[in-house]
Amino acid sequence: ITLTNTLPANGVDSGFKLTSLMPLIGGGATIFANRFFLDLYVQKALSGSDSATNPIEFEGPDSQISRDNIIHSNFDRNEYSLSFGYALERQWVLYAGYRRAKTSFSDSITFNQYETDLNGEPVRVRRRGNRNISFDQNGFFFGSTHVYSIHDRTVIAFSAAVATLNGTYDSRTNLIEKVDFPNRESIKEFNIGFDQKGDTIGLNLGVA
């Protein structure tokens with residue numbers, strides 16, 4: 001994953017990148033009963049982790065900010081699907097099902113930020129906290145496969161499927177901020193959260 005923030009024209013944010021090798025383990029089973037069948041598939045990624053530093057420089061009208069965001073992240077992914085089908089005849093199958101996939105990030109974040117006020121006195125801002133991010137996608141699908149026999153050992157199969165998918169991106173952050181002024185200090189707690197939702201329709205066509 002690569003995240004890049006947006007700053008005004010006089011700011012520089014190089015963003016950060018998290019990289020990890022995450023092997024996948026998957027398995028499934030299909031049960032047949034006459035013309036009916038039930039299919040289950042599950043896939044799980046082994047947890048990954050990485051650390052990154054996100055330096056930010058910004059010069060405003062009243063201050064200059066230099067900040068290093070240090071991120072330690074653990075992440076994983078899992079998905080599963082369940083489908084039910086019926087054979088209208090030997091060459092024609094109809095099926096419908098449900099699919100869900102979720103990717104999660106658990107981050108430990110440290111912000112070391114230095115500012116200078118109008119009088120040139122140094123002010124130090126430090127933040128520590130945790131952030132949990134998840135991207136959840138789920139929805140129903142239905143489709144059909146038709147097989148034509150063109151030789152004793154050769155067939156050609158046509159398939160079509162439609163899926164209606166919903167996606168939710170959710171982010172929750174808890175931060176403790178400590179500001180060191182020349183003659184005093186201030187401690188605050190922030191809880192920041194937001195989510196974004198969307199939906200889409202997918203079409204899959206195939207020939208085998």
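Let me begin by describing the structure that accompanies this report. On a predicted model such as this, the values are computed, not experimentally measured, just so you know. (Residues numbered from 1 in each chain as written. Predicted model: local features only at pLDDT ≥ 70, side-chain atom pairs only at ≥ 80, totals over all residues. Heavy atoms only, no water.)

**A word on the overall build of the chain**
(1) Moving on: Across its full length, the chain holds zero helices and ten strands.
(2) Moving on: Evaluated residue by residue, the chain yields a buried proportion of 26% over its 208 residues.
(3) Moving on: Taking contacts inside the chain between residues at least 6 apart in sequence as the whole, the part at least 24 apart equals 63%.
(4) Moving on: For the chain, the computed accessible surface area is about 13900 Å², with 55% contributed by carbon and sulfur atoms. (Helix = DSSP H or I, 4+ residues; strand = E, 2+ residues; numbered from the N terminus. Buried < 20%, exposed > 50% of the residue type's maximum accessible area, 1.4 Å probe, protein only. Contact = heavy atoms within 4.5 Å. Areas by Shrake-Rupley, 256 points an atom, 1.4 Å probe, with all protein chains shown as cover.)

**So, a nonpolar patch on the surface**
(1) Moving on: On the surface, Ile 31, Phe 36, Leu 38, Leu 40, Val 42, Tyr 80, Leu 82 and Phe 84 cluster together to form a nonpolar patch covering roughly 710 Å² of accessible area.
(2) Moving on: Broken down by secondary-structure element, the contributors of at least two residues to the nonpolar patch are β5 (36-59) and β6 (64-89).
(3) Moving on: Element by element, the count of residues in the nonpolar patch is highest for β5, at four residues.
(4) Moving on: Along the chain, the position of Val 42 falls in strand β5. (Patch = residues over 30% accessible without salt bridge, like charges linked within 9 Å, V, L, I, M, F, W, Y side chains within 5 Å. Salt bridge = Lys/Arg side-chain N within 4 Å of Asp/Glu carboxyl O.)

**Digging into the nonpolar core**
Proteins that are soluble and globular tend to have nonpolar side chains buried together.
(1) Moving on: Judged by nonpolar contacts, Phe 16, Leu 18, Ala 52, Ile 71, Phe 75, Phe 105, Ile 109, Phe 111, Ile 133 and Leu 175 together constitute the single largest core of ten residues.
(2) Moving on: Of all the secondary structure elements, the ones that give two or more residues to this core are β6 and β7 (92-116).
(3) Moving on: Among the elements that take part in this core, β7 stands out by supplying three residues, more than any other. (Core = buried A, V, L, I, M, F, W, Y, C linked by side-chain atoms within 4.5 Å.)

**A few points about unusual backbone geometry**
(1) Moving on: Non-glycine residue Asn 34 carries a positive phi angle of around 55 degrees.
(2) Moving on: Mapped onto the fold, Asn 34 is located in the loop between β4 (24-33) and β5.

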